[in-house]
Amino acid sequence: MATTKKVLQYKEPEKHYDVVIVGGGLHGLATAYYLAKYHGVKRIAVLERRYIGSGGSGRNTEMVRSNKRAHETLPFYKDSLAMWDDLSAELDWNLMVQKKGIIALAHSDGELASMRMQSDSQRRAGIKIDMLDNQQIKKMVPSLDVSDQTALPVLGAQFHPEGGTVHHDAAVWGFAKSAARCGVDICVGIEVVGFNVEGSKVTGVQTNIGDINANKVHVAVGGYSSEIARMLGVKFPVVTMPMQVMTTNIMAPFLNYYVASPRLHWYTQQTLKGDLILGGQLDPFSSWNSYTTWEECSERVATILEYFPDLAHGRVVRSWSGLCDCTGDSAPVMGPSGIDGLSLDIAWGYYGFKATPACGKYSAEYIATNKVPENIKAFSLDRFFNRQRVREVIL
Ligand SMILES: Cc1cc2nc3c(=O)[nH]c(=O)nc-3n(C[C@H](O)[C@H](O)[C@H](O)COP(=O)(O)OP(=O)(O)OC[C@H]3O[C@@H](n4cnc5c(N)ncnc54)[C@H](O)[C@@H]3O)c2cc1C
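Criteria and thresholds
- Residues numbered from 1 in each chain as written.
- Predicted model: local features only at pLDDT ≥ 70, side-chain atom pairs only at ≥ 80, totals over all residues.
- Near = placed C-beta within 6 Å.
- Helix = DSSP H or I, 4+ residues; strand = E, 2+ residues; numbered from the N terminus.
- Nonpolar A, V, L, I, M, F, W, Y, C, P; charged D, E, K, R; others polar.
- Domains from an automatic or database assignment.
- Contact = placed C-beta atoms within 7 Å.
- Expected span 1.5 Å × (residues − 1).
- Buried ≥ 20, exposed ≤ 12 C-beta atoms within 10 Å, placed from the backbone.
- Arc of directions from axis to C-beta.

Caption draft 1: Layout of the site of the ligand. Residues in close proximity to the ligand total 38 residues, the closest being G25, G55, G222, G322 and G352. Put simply, the parts of the chain that give the shell around the ligand at least two residues each are α1 (26-38), β2 (44-48), β12 (239-248) and β16 (316-326). The residue makeup of the shell around the ligand, split by class, is 16 nonpolar, 15 polar and seven charged. Summarising the domain contributions, the shell around the ligand has at least three residues from each of domain 1 (16-61 + 168-238 + 328-384) and domain 2 (102-161 + 240-324).

Caption draft 2: Molecular detail of the domain arrangement of the chain. Partitioning the chain into structural domains gives domain 1 (16-61 + 168-238 + 328-384) and domain 2 (102-161 + 240-324). Here the C-alpha centroids of domain 1 and domain 2 sit 31 Å apart. Contact residues are listed per partner, giving eleven residues for domain 1 and ten residues for domain 2. Of the residues assigned to the side of domain 1 that touches domain 2, the class counts are two nonpolar, eight polar and one charged.

Caption draft 3: Spatial organisation of helix α7 (residues 294-307). With 14 residues, α7 ought to run about 20 Å at 1.5 Å a step, and its terminal C-alpha atoms sit 21 Å apart, in line with that. Where α7 is concerned, the buried positions are E296, R300, V301, I304 and Y307. Along the long axis of α7, the arc covered by the buried residues comes to 125°, so they all point the same way. Of the residues in α7, the exposed ones pointing more than 90 degrees away from the buried face are W294, E295, S298 and A302.

So, in structure tokens, the structure goes:
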């Protein structure tokens, strides 16, 4: 039966908070939830200039996994992936978690060797990983062409059985609703345009409706961290690049796994609804554009059709794009900003959705205790100045 009861009531902001969170994406909402629920912080506001989930949180391709490269970051991603399992029950909201498994294809001996090396360090961190030969791949994904007739033939794959998908909109609503029920004020249409800093300490934010005082301010603005840097008069080591995604018409179920080709920059999954999500690479230029282009769409479709020829009857019915804030070492920035009371959770590029639960948990822990949790130490802003970069990128 239909209900008129509102899942979430937005609030007008008060004049003072213990913690103000800038950005109503998943990271901001999750941080607010963990702060209120597990650290007993009472007066928290999430300030969102558009609508909740309007950034990368509502635009991503929903892939969750823990098979990252740098050994120092594996415990963080492992923790985050495991946390998704219990979140539907904890938030009392169905997040449609599907640990369907991710198959990453290799097209050269070099790639296979590199995947084997990564698999070893991932296994040592307790992450489940298998290597597949072409016969095994064909059995799992009969529609994939693993013959030697493709432009760059498939030579094997890495399989991450615990990886999969979570419904991104469901996650946004689950965290927002639960944070609000813990007393968090979720305020939409409120844009932060500046920060008030006295001496070396943040004392609040300037917004389109006036100043809001805060003991602590946390920044989780997705692709807009350079704007925040400009407001603070500092520089963050990020470059903003859009990423485009397409989706097809609805088809009968045929693809049970998330399949990716890291080398050729494409990945695809069939959603519960039946459409295929076609993901790929970043746009080649830095910008804040949100349009999609014929060039990107046609190139993506052509590359995926090379390996899934039966899809030739399918149609692309929709496309969209979102912003990715990228660092040179493909790892994010979390924790202290250099200004007392101002913490960061930024630069998540195209891989921050999977990290949502751990970002919320560890950001909340840092804000509440002023101690940087072990699992996010590698993500410090300082690493760019003392040459301790994360080895997420293989050169
Ligand atoms: C096309 C695409 C595909 C992706 N696919 C995946 C994937 O498959 N798996 C994965 O793990 N990750 C993926 N990502 C990355 C992921 O979406 C992001 O890393 C993640 O959503 C970041 O969440 P967030 O809460 O930090 O930022 P966002 O969701 O971007 O939220 C930031 C919010 O801050 C608000 N804001 C900005 N400035 C201000 C201001 N001055 N005042 C008030 N509010 C402000 C914005 O309006 C926005 O709502 C993808 C990203 C894109 C673009």
